[in-house]
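Read off the chains here:
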Amino acid sequence: MPKLLKKHRFAYLILFLALLSFAFFFSRFWPNKILQRYLAVAMGVFYFFWGVITHVKSTKITSEIVFEYLAISMLAVLLLILITL
Amino acid sequence: MFKTYMPKAKKRRSSRSLRRRKKTTFKNYLNNLFFPGKKNRYRPQLLHPESLMIVSFLVLAVFALFNAIRFFPSLADKILGFATNIDVNQVLISTNEERAKIGLPPLQINEKLNQAAVAKAQHMFSEQYWAHSSPSGLQPWSFIKNAGYVYKYAGENLARDFDTTGEMVVAWMNSPTHKENIINPNFTQIGLAVVNGTLNGFNTTLVVQMFATPGAVEVQKTAQGESFTLPSMADSSVNELPEEKPDISVMESELAEAEDLGLVEGERTASGKILFSPVYLTKTFFLLIVALIILTLIYDSFISNNRRYERIVGQNFAHIMFFLTVGFLLILFRGGSIIP
């Protein structure tokens, strides 16, 4: 794990800051649930592209990995959207 | 002629082996789901994209089930109950506390405004809408006028489905338009209603705040009638208010007396107890899903590191970070909504 973090430290720093910002704005936007839903979608899209770009840069990418990031992002967005309904 | 004969003992053995096979199949299934091995291409089946899609459908199905329960009021009352701990006296205390923070005098409860607030809440339930103006174009001010109150200025705050009074007042204070009503120095009187009912098929708790400044006629009426006294600075601006901050303890004792003025709280369910709040029920289920995925990711990382599997899969550490954020947001999420 530390090796992986060292290798992709810039990518992980971006991910960490982005997730922190999403969490901050998600709680800040309450009780405006519409904005919270937009933010949840933005977070899912960001994570999907972050995963694909990180893997493309490391030259290790397969269709299965793309689908994995897609499925994970979709599940997370679904959970956050449903809770705000 | 050759006849097959199976002894009883052998039959017993075969049923035992069937049971054992079933047990083995279930164990294999769990192994396949959570343990990285040859069968699942060295990645727990739960983390495969197709399994994650199935989990998404499961989430949707369970969410639909929770909502389906809400459409059967008798069943929903038994299982879900009303999801609120809103206390009408606390609404008044919290509102006046927010005013006290900036040196404004507390709002006084007015019986006619209370009636207007209840009428508005009941109208929203009977006409099935959630807005300041009704679908037929009825404005909030109509309810105040119908209650026989003559106002100079008036305002309305609405909220629904909040779990606690504190959360609701914080939500109002986060919204500029609602905050403007709460800390408006022109308003001197308030009417409140907390009413439970069914709105668009859902058990709902509506909270209505009616703010007003009495007009000259209302002041005259009050002066002639009961011993209700208006604050002396009714029409003054913030700058003209006395510098001395109101004493909250005195204010609270006054509010305790104000209970007799007839603050209105709607009918509760038969038991009056909350069994499961729909938001918390959904939240708990979603958190279980997130926890299961995070634990599987951690276990997968541990096993693959120990056994030095060479595989091309998504980055577990990133997935864990992502789902931890989702879990954190689910925990922090608070229900309730207000109309901008």
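Residue numbers run consecutively from 1 along every chain, following the written order of its sequence. Think of it this way: whatever chain is written first is A, whatever ligand is written first is 1, and the rest follow in order. A pLDDT threshold of at least 70 governs which residues receive local features in this predicted model, and a stricter bar of 80 or more applies before side-chain atom pairs are shown or counted, although totals over entire chains, interfaces and linings include all residues. As a rule here, side-chain values come from all non-hydrogen atoms in the structure, and water together with hydrogens is ignored.

Novice: Quick rundown of the overall build of chain B? Include the residues and the values.
Specialist: Within chain B, the regular secondary structure consists of twelve helices and six strands. Only protein chains enter the area calculation, which uses a 1.4 Å probe; residues under 20% of their type maximum are buried, those over 50% are exposed, and those in between are partly exposed. For chain B, the residues scored as buried account for 46% of the 340 residues in total. Sequence separation of 24 or more characterises 76% of the internal contacts of chain B that already satisfy a separation of 6 or more. Values of accessible area rely on a 1.4 Å probe in the Shrake-Rupley scheme; residue burial ignores everything except the protein chains shown. Accessible area for chain B stands at about 18,400 Å²; split by element, carbon and sulfur atoms hold 59% of it. What counts as a helix is a DSSP run of H or I of at least four residues, what counts as a strand is a run of E of at least two, and both are numbered from the N terminus. Contacts are assigned to residue pairs that have any heavy atoms within 4.5 Å of one another.

Novice: Any details on the overall build of chain A? Residues and values, ideally.
Specialist: Across its full length, chain A holds four helices and zero strands. Ordered by position from N to C terminus, the α and β elements of chain A give α-α-α-α. Expressed as a percentage of the 85 residues in chain A, the buried residues total 47%. Of all intrachain contacts in chain A linking residues separated by at least 6 positions in sequence, the fraction that spans at least 24 positions is 57%. As presented, chain A carries roughly 4,700 Å² of accessible surface, and 75% of it is formed by carbon and sulfur atoms.

Novice: Give me the lowdown on the interface of chain B and chain A, citing residues and values where you can.
Specialist: The interface of chain B with chain A comprises 46 residues on the first partner and 41 residues on the second. Interface of chain B and chain A: buried area, both sides summed, is about 3,900 Å²; carbon and sulfur atoms make up 78% of it. Buried area: the accessible area, evaluated with a 1.4 Å probe, that two parts lose upon being put together, summed over both parts. Considering only the side of chain B, the residues that lose the most area to chain A are Q315, F322 and F333 of chain B, jointly responsible for 19% of the buried surface there. Salt bridge criterion: a side-chain nitrogen from Lys or Arg within 4 Å of a carboxyl oxygen from Asp or Glu. Here E68 of chain A makes a salt bridge to R43 of chain B, at a shortest N to O gap of 2.6 Å. Definition of a polar contact: a pair of N or O atoms within 3.5 Å, with one able to donate and the other able to accept a hydrogen when the atoms are protein atoms, and with sequence-neighbouring residues admitted only if both atoms are side-chain atoms. Summed over the shared surface of chain B and chain A, the result is eight residue pairs in polar contact (both at pLDDT 80 or more). Counting only elements with at least two residues in the side of chain B that touches chain A, the list comes to α2 (49-70), α7 (165-174), α11 (278-307), α12 (316-332) and β6 (337-338) of chain B. In terms of residue count, the dominant contributor to the side of chain B that touches chain A is α12 of chain B (eleven residues). A class-by-class count of the residues in the side of chain B that touches chain A yields 28 nonpolar, 13 polar and five charged. The residue classification treats Ala, Val, Leu, Ile, Met, Phe, Trp, Tyr, Cys and Pro as nonpolar and Asp, Glu, Lys and Arg as charged. All others, Gly included, are polar.

Novice: Describe the packing of aromatic side chains, and please don't skip the residues or the numbers.
Specialist: Any pair of aromatic rings gets described here by the distance separating the centres and the angle formed by the planes. The rule is short: rings of Phe, Tyr and Trp, with Trp giving its six-membered ring, pair when the centres are within 6.5 Å, and they are stacked under 30 degrees, edge-to-face over 60, tilted in between. Under the defined criterion, the tally for this structure stands at 14 aromatic pairs over all chains. Taking 6.0 Å as the distance between ring centres and 55° as the angle between the ring planes, the aromatic pair formed by F22 of chain A and F46 of chain A counts as tilted. Taken as a pair, F22 of chain A in helix α2 (residues 9-29) and F46 of chain A in helix α3 (residues 33-57) lie far apart in primary sequence, 24 residues in all. Ring centres of Y47 of chain A and F322 of chain B lie 4.0 Å apart, and the angle between their planes is 5°; this geometry places the pair in the stacked category. Placement of the pair is Y47 of chain A in helix α3 and F322 of chain B in helix α12, with the two residues belonging to separate chains. Residues Y47 of chain A and F322 of chain B agree in their burial class; the two are buried. An aromatic cluster is defined as three or more aromatic residues linked by ring pairs; in this entry it consists of Y12, Y47, W50 and Y69 of chain A together with F317, F322 and F323 of chain B. Note on criteria: charge over ring means Lys NZ or Arg CZ within 6 Å of the ring centre, with the direction from the centre no more than 35 degrees off the ring normal. If you follow R160 of chain B out to its NZ or CZ, it ends over the ring of W130 of chain B, 5.4 Å from the centre.

Novice: How would you explain the packing of α2 of chain A against α3 of chain A if you had to name every residue and give the values?
Specialist: Residue and element names in this part refer to chain A. Under this scheme, a helix contributes an axis fitted over its contacting stretch, all axes are lines through C-alpha atoms, and angles between N-to-C directions fall in the 0 to 180 degree range. At a closest axis distance of 10 Å, the pairing of α2 and α3 adopts a crossing angle of 175°. The angle between α2 and α3 places the two elements in the roughly antiparallel class. Taking contact as the criterion, the partners of A11, Y12, I14, L15, A18, L19, F22, F25, F26 and F29 in α2 are, on α3, L35, Q36, L39, A42, M43, F46, Y47, W50 and T54. Here the residues of the contact of α2 with α3 are counted per class, giving 17 nonpolar, two polar and no charged. Comment on the angle field: the value is read as roughly parallel under 35 degrees, roughly antiparallel over 145, roughly perpendicular from 65 to 115, and oblique elsewhere.

Novice: Give me the lowdown on the nonpolar core, citing residues and values where you can.
Specialist: What tends to happen in soluble globular proteins is that the nonpolar side chains get buried as a cluster. Each nonpolar core is a collection of buried residues, namely Ala, Val, Leu, Ile, Met, Phe, Trp, Tyr and Cys, held together in the definition by side-chain atoms within 4.5 Å. In terms of nonpolar packing, the biggest core is built from 51 residues, with V59, F286 and I293 of chain B touching the most fellow members. For this core, the elements supplying multiple residues, two or more each, are α2, α3 and α4 (63-83) of chain A together with α2, α11 and α12 of chain B. The element contributing the most residues to this core is α4 of chain A, with eleven residues. Sequence-distant contacts of V59 of chain B, defined by excluding residues within four places in its chain, comprise L75, L78, L79 and L82 of chain A together with F285, F286 and I289 of chain B.

Novice: How would you explain the confidence of the model for chain B if you had to name every residue and give the values?
Specialist: All names here are of chain B. You can read pLDDT as the predictor saying how much it trusts each residue, on a scale of 0 to 100. Looking at chain B as a whole, the pLDDT averages 75, with 69% of positions reaching at least 70. The weakest mean pLDDT in chain B belongs to helix α10 (residues 248-258) at 41; the strongest belongs to α12 at 91. Of the regions scoring below 50 in pLDDT, residues 225-274 engages in 82 contacts with residues more than four places distant in sequence or in other chains. For this predicted complex, the interface confidence score (ipTM) comes to 0.93, while the overall pTM stands at 0.66.

Novice: Run through helix α4 (residues 88-101) of chain B, naming residues and quoting values.
Specialist: In an α-helix, one turn spans 3.6 residues, which is why side chains three or four residues apart end up on the same side. All names here are of chain B. Every helix has an expected span of 1.5 Å times one less than the residues it contains. With 14 residues, α4 should reach 20 Å at 1.5 Å per residue; the first-to-last C-alpha distance of 20 Å fits that figure. Of the positions making up α4, those classed as buried are V88, N89, V91, L92, I93, S94, T95, N96, E98, R99 and A100. Phi for G103, located one or two positions after α4, is positive at around 80°.

Novice: Lay out the pattern of salt bridges in plain terms, naming residues and giving numbers.
Specialist: A complete count under the given rule lists five salt bridges over all chains for this structure. Three or more residues are tied together by salt bridges with common partners; here these are E68 of chain A together with R43 and D300 of chain B.

Novice: Tell me what's going on with the side chain of N114 of chain B, and back it up with residues and numbers.
Specialist: Residue and element names in this part refer to chain B. Positionally, N114 belongs in helix α5 (residues 111-127). For N114, a relative accessible area of 0% corresponds to the buried category. For N114, the side chain forms a polar contact with the main-chain nitrogen of L192, separated by 2.7 Å.

Novice: Just give me the short version of unusual backbone geometry, but keep the residues and values in it.
Specialist: Residues and elements named next belong to chain B. Located in the positive-phi region is Y42, a residue other than glycine, with phi close to 60°. Along the chain, Y42 turns up in the loop between α1 (8-34) and α2. One non-glycine residue with positive phi stands out, namely Q128, at about 55°.

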